[in-house]
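Summary of the model geometry
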Amino acid sequence: MQYQEQIHAWIGAHQEEMVRDLAELVAVRSVLGEPAEHAPFGKEPAMALQIMLEKCRSYGFATDNADWYAGSATLGDAPEKLGILAHLDVVPEGEGWLHDPFTLTADPDSGRLIGRGTSDDKGPAVAALYALRAVRELGIPLRHGVRLIFGTDEENGSEDLEYYMQHREMPPLVFTPDGDYPVITLEKGMIRLRLKADFTDGKSRVVSLRAGEVVNAVPASADAVLCGVTIDQFLATRVKEYPGTVIAAHEDAHGLLHVHVDGKNAHASTPELGKNALTLLLELLSLLPLPGEQGKVLRRLAELYPYGETDGSTPGIAASDALSGALTLLLSVMDMNEKGMTAWND
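None of the values given here were measured: they were computed from a predicted structure.

Time to look at the overall build of the protein. On a plain count of helices and strands, the protein comes out with 8 helices and 18 strands. Dimensions of the protein, computed from C-alpha atoms along their principal axes, come out at roughly 75 × 45 × 45 Å. Counting every position in the protein, which comprises 346 residues, the buried fraction comes to 41%. Excluding contacts between residues fewer than 6 apart, the proportion of contacts in the protein whose partners are at least 24 apart in sequence is 68%. Only carbon and sulfur atoms are counted for the fraction: they give 52% of the accessible area of the protein, which is about 18500 Å².

Below, the structure is given as structure tokens:
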């Protein structure tokens, strides 16, 4: 407690600098990309790591680059007993932003900083760096060293951390500034299922269906193109309303029916906060007279993943407990054409 006022004063004096550092990281669209030399998860995640490590070195920290999978900065000369695990990759930005997602913007009313990664997890990574800077520059003594670790693949399976733990020894105590304040002491287990189907009977009516960009987010939009189905047939199935969503359909010059659904994005851990455009589209398509294998698969998916349900009740896997709450089930990504279908369940 004796250093609290000093730390608060130091953070206040460096607030503008902290925001500039965050803005530089937010400007990098560090979404998973094609692997390349010195970039196992694409050039942009590697670029974000390079920027962060350069900043750490400029502030006097010793740094380590674990082959571009992850990197770290160390405070203190004593053995490291505490690890702070952050990540610099982000999910795709999606649609519906009121501001450029890769330009850090301060909301004039709330004072909040808006940009992809400000809360998950570039903002917390910068906050942790400045906490270490404050301790270092104020000369606050530490009995043990601290290591700040930056991953680059948290959003897509954490292969970065797997590699890091194979090539570096982790400190005995580790926490991550990537969750609700003040602390989360457990995390639900996760199973990701890949669903596949092939269509060989030649009766496909869905030319294409596409929804979702990442497995761990509620898809905010979904699109389908159908042949042999008129807009009048589609409109005849609209027997109820879906508040908070937008459903649009039109026929093009070739007689193809285009259907677009806008829902609401949310994290896969809280799918009940979103409106799943994919499951809504499946419900709409399941009401149409779609024949053959393709129609059967669409109707079965609509049955297993009813629009608005997120707890797995229909497939019979609903469960809950006092600590972790209810099980969550999300159909988040799907790609279908006349030959086959692939979908992801989180």
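Quick look at the pairing of strand β12 (residues 246-251) now. Alignment of β12 against strand β13 (residues 257-262), held across 6 bridges, turns out to be antiparallel. Counterpart to I247 in the pairing with β13 is V261.

Attention shifts here to helix α2 (residues 15-26). Between its terminal C-alpha atoms α2 stretches 16 Å, which fits the 16 Å expected from 12 residues at 1.5 Å a residue. Every buried residue belonging to α2 is among M18, D21, L22, L25 and V26, and all of these are buried. Around the axis of α2, the buried residues are gathered within 135° of arc, so they sit on the same side. α2 presents E16 and R20 as exposed residues on the side facing more than 90 degrees away from its buried surface. Check the buried side of α2 and you find it contacts α1 (4-13), α3 (43-58), β5 (113-114) and α4 (122-137).

It is characteristic of soluble globular proteins that their nonpolar side chains tend to be buried jointly. By size, the foremost hydrophobic cluster in this structure holds 35 residues, and its most contacted members are L209, L226 and M334. Those elements giving two or more residues to this core turn out to be β9 (206-211), β11 (221-226), β13, α7 (277-286), α8 (292-304), β17 (331-337) and β18 (340-345). Looking at this core element by element, the count peaks at 7 residues for α7. Apart from the residues lying within four places of it in its own chain, the contact partners of L209 are D223, A224, L278, L281, L282, L285, L298, M334, D335 and M336. Ranked by size, the runner-up nonpolar core spans 32 residues in total, among them V26, L75, I84 and F150.

This part covers the packing of α2 against α3. Their axes nearest at 9 Å, the elements α2 and α3 cross at an angle of 160°. As summarised for this structure, α2 and α3 are arranged roughly antiparallel, according to the angle between their axes. The hand of the α2/α3 crossing is right-handed. Of α3, the residues touching α2 (which contributes D21, E24 and L25) are A48, I51, M52 and K55.

Moving on: the pattern of salt bridges. Under the criterion given, the structure shown has 10 salt bridges. For K55, the salt bridge goes to E24, with nearest N and O atoms at 2.7 Å. Of this pair, K55 sits in helix α3 while E24 sits in helix α2, and the two are 31 residues apart along the sequence. Accessibility expressed as a relative area gives 11% for K55, which makes it buried. A salt bridge links E283 to K240; the nearest nitrogen and oxygen atoms lie 3.3 Å apart.

Turning our attention to the packing of α7 against α8. Where α7 contacts α8, the axes come no closer than 9 Å and their chain directions differ by 130°. Considering the angle they form, α7 stands oblique to α8. In this structure, α7 crosses over α8, and the sense of that crossing is left-handed. Residues L282, E283, L285 and S286 of α7 form the contact with α8, whose own contacting residues are L298, R299, L301 and A302. Among the residues making up the contact of α7 with α8, the classes are represented as 5 nonpolar, 1 polar and 2 charged.

You can see R133 is positioned in helix α4. Here R133 falls in the buried class, since its relative accessible area comes to 5%. Here E17 takes part through its side chain, which lies 3.1 Å from a polar atom of the side chain of R133. The residues touching R133, leaving out its near neighbours within four places in the chain, are W10, H14, E17, Y59, F61 and L138.

Parameters and conventions
Residues numbered from 1 in each chain as written. Predicted model: local features only at pLDDT ≥ 70, side-chain atom pairs only at ≥ 80, totals over all residues. Heavy atoms only, no water. Helix = DSSP H or I, 4+ residues; strand = E, 2+ residues; numbered from the N terminus. Buried < 20%, exposed > 50% of the residue type's maximum accessible area, 1.4 Å probe, protein only. Contact = heavy atoms within 4.5 Å. Areas by Shrake-Rupley, 256 points an atom, 1.4 Å probe, with all protein chains shown as cover. Pairing = 2+ DSSP bridges. Expected span 1.5 Å × (residues − 1). Arc of directions from axis to C-beta. Core = buried A, V, L, I, M, F, W, Y, C linked by side-chain atoms within 4.5 Å. Axes fitted to C-alpha atoms, helices over the stretch in contact; angles between N-to-C directions. Parallel < 35°, antiparallel > 145°, perpendicular 65-115°, else oblique. Left-handed = near helix turned anticlockwise from the far one by under 90°. Salt bridge = Lys/Arg side-chain N within 4 Å of Asp/Glu carboxyl O. Nonpolar A, V, L, I, M, F, W, Y, C, P; charged D, E, K, R; others polar. Polar contact = N/O pair within 3.5 Å; in protein donor to acceptor, adjacent residues only side chain to side chain.

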